[in-house]
Amino acid sequence: MNEEAIDRSQHGHLVIIGGHEDRENSKEILSRFVELCGGAGSRIAVITAASRVPDEMWHRYSTVFGELGVDGMLRVDVPERATANDAELAAKVRECDGIFMTGGDQKRLLAMIGGTLLDEAMHAALKNRGACIGGTSAGASAMCGHMLAEGKADLLPEKGSVSLGAGLGFVQRVVIDQHFSERHRLARLLTIVAQNPYLQGIGIDENTALVVERGVGIEVIGGGTVTIVDGRNLISNVADIPGGATPELIDVRLHLLPAGSSYALPEEINHPHQLPPQSTRNAPEALTDFLRNVTKRNPVS
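Residues numbered from 1 in each chain as written. Predicted model: local features only at pLDDT ≥ 70, side-chain atom pairs only at ≥ 80, totals over all residues. Heavy atoms only, no water.

Chemist: I keep staring at the overall build of the chain and nothing clicks. Help me out?
Modeler: Looking only at helices and strands, one finds nine helices and 17 strands in the chain. In terms of overall size, the chain behaves like a compact globule, its C-alpha atoms giving a radius of gyration of 18 Å where 301 residues would be expected to give roughly 19 Å. Counting only C-alpha atoms, the chain reaches 55 × 45 × 40 Å along its principal axes. By residue count, 57% of the 301 residues in the chain fall in the buried class. Entry remark: accessible area of the chain is about 12,300 Å², with carbon and sulfur atoms responsible for 48%. (Helix = DSSP H or I, 4+ residues; strand = E, 2+ residues; numbered from the N terminus. Rg over C-alpha atoms; globule rule 2.2 N^0.38 Å. Buried < 20%, exposed > 50% of the residue type's maximum accessible area, 1.4 Å probe, protein only. Areas by Shrake-Rupley, 256 points an atom, 1.4 Å probe, with all protein chains shown as cover.)

If you want it as structure tokens, here you go:
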């Protein structure tokens with residue numbers, strides 16, 4: 001859809017990538033990110049704070065964004081937390097059309113930028129100017145308010161095996177896991193939801209992205225699927241079993257959205273939006289609460 005038909009300040013987008021996105025062939029996901037930033041003429045900040053090899057990450061993404069026609073890029077290295085509180089740097093990020101967080105370690109990313117002026121600038125760019133926020137792998141996990149910090153549950157859910165931490169809060173009441181199918185992480189996501197049924201779990205495969213248009217809807221692009229685990233009606237004995245035991249989980253809902261899935265909120269389906277018009281459908285009732293959650297606009301400030 002023609003961008004002139006859309007007030008970008010009313011929307012804003014998130015591109016949440018499960019890792020290992022294609023950077024050599026069609027570049028579908030990163031092309032979509034650039035498009036949602038405003039195209040080749042947009043200004044994109046690349047934040048490498050999650051990685052211990054920031055030079056490599058900057059080279060990787062500056063190269064691919066350059067190949068996609070973007071020449072207005074801002075390198076944002078954060079070697080120490082004080083850098084993220086630099087007012088001049090934060091002001092530059094606030095004026096960017098797109099902000100991309102690379103992979104690495106989400107705990108490192110939050111330790112470096114959580115609660116800083118840089119963090120505030122990212123939120124201001126999204127909320128006040130309709131910027132596009134992208135993140136891959138660790139950058140994806142960090143997008144939610146409750147971030148998967150660490151943990152492992154290989155074959156079955158296991159009480160106490162997974163811990164959460166504070167994330168950046170671009171989406172609330174969900175927790176995001178990445179490299180999902182490739183690393184067999186369903187048991188890990190079930191563990192999180194069993195211990196925190198308030199949260200809905202989102203598992204994103206490699207070379208796959210969940211694209212969120214705030215207040216409107218979602219689409220799935222790339223080569224894999226997005227798995228949603230909804231335990232809000234869960235019946236479980238997780239509170240009564242010892243650590244390390246497998247909980248009983250009854251009435252857990254699971255939704256599988258392959259690439260090409262695109263849903264809008266019922267009241268938004270006929271309004272201008274940037275979801276693919278040929279494939280966007282009214283969200284079924286079972287998905288509506290999830291859509292309202294993940295597309296919720298935070299107050300403009």
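Structure shown, so let's carry the discussion forward.
Chemist: Sorry if this is basic, but what is going on with the confidence of the model for the chain here?
Modeler: Of the residues in the chain, 95% have a pLDDT of 70 or more, and the chain-wide mean is 93. Segment residues 1-6: pLDDT under 50, and 10 contacts once partners within four positions in sequence are set aside and those in other chains are kept. (pLDDT = per-residue confidence, 0-100. Contact = heavy atoms within 4.5 Å.)

Chemist: Looking at this model, I keep getting lost on the packing of helix H1 (residues 28-37) against helix H2 (residues 54-67). Mind explaining?
Modeler: The relative placement of two packed helices is expressed as an angle between their axes plus a distance between the axes. One way to put it is that H1 packs onto H2 with a least axis distance of 10 Å and a crossing angle of 70°. If you check the angle between H1 and H2, you find them roughly perpendicular. Contacts between H1 and H2 involve Leu-30, Phe-33 and Val-34 from the first element and Tyr-61, Val-64 and Phe-65 from the second. Here the contact of H1 with H2 is built from residues that sort into six nonpolar, no polar and no charged. (Axes fitted to C-alpha atoms, helices over the stretch in contact; angles between N-to-C directions. Parallel < 35°, antiparallel > 145°, perpendicular 65-115°, else oblique. Nonpolar A, V, L, I, M, F, W, Y, C, P; charged D, E, K, R; others polar.)

Chemist: Would you explain the sheet that holds strand E4 (residues 98-101) in this entry?
Modeler: Strand order in the open sheet formed by nine strands is E3-E2-E4-E5-E1-E10-E11-E16-E17, with mixed pairing between adjacent strands. Lying at the two open borders of the sheet, with one neighbouring strand each, are strand E3 (72-76) and strand E17 (281-282). Across six bridges, strand E10 (residues 208-213) lies against strand E11 (residues 217-222) in antiparallel orientation. Paired with Val-211 across the two strands is Glu-219, which belongs to E11. The sheet strands contacting helix H6 (residues 117-129) are strand E1 (13-17), strand E2 (43-47), E3, E4 and strand E5 (132-136), and the helix crosses E4 at an angle near 135°. (Pairing = 2+ DSSP bridges.)

Chemist: Just to check I follow, could you spell out H6 for this structure?
Modeler: Structural remark: α-helix, 3.6 residues per turn; residues separated by three or four positions point the same way. For H6, which comprises 13 residues, the first-to-last C-alpha distance of 17 Å matches the rise-based estimate of 18 Å (1.5 Å per residue) to within 8%. Those residues of H6 that sit buried are Leu-118, Asp-119, Ala-121, Met-122, His-123, Ala-124, Ala-125, Leu-126 and Lys-127. Looking at the residues trailing H6, positive phi occurs at Gly-130, about 70°. (Expected span 1.5 Å × (residues − 1).)

Chemist: Any chance you could explain the sheet that holds strand E15 (residues 253-258) here in plain terms?
Modeler: Across a sheet, paired strands are connected by hydrogen bonds in the backbone, their directions being either parallel or antiparallel. Read from one edge of the open sheet, four strands run E8-E9-E12-E15, paired in mixed fashion. Looking at which strands have only one partner, the edges of the open sheet turn out to be strand E8 (174-177) and E15. The sheet shows a mean angle of 20° between the axes of neighbouring strands, taken without regard to direction. As judged from the six bridges shared by strand E12 (residues 225-230) and E15, these two strands associate in the antiparallel manner. In the strand pairing of E15, Asp-230 is matched with Arg-253. Most of the contacts of helix H8 (residues 186-195) go to E12, to which it runs at about 30°, and overall it touches E8, strand E9 (200-204), E12 and E15.

Chemist: When you look at the environment of Gly-114 in this model, what are you seeing that I'm missing?
Modeler: Residue position: Gly-114 is located in the loop between helix H5 (106-113) and H6. For Gly-114, a relative accessible area of 16% translates into the label buried. For Gly-114 and Ala-142, which are 28 residues apart along the polypeptide, the C-alpha to C-alpha distance reads 9.7 Å. When sequence neighbours within four positions are dropped, the list of residues in contact with Gly-114 reads Arg-81, Leu-109, Asp-119 and Leu-168.

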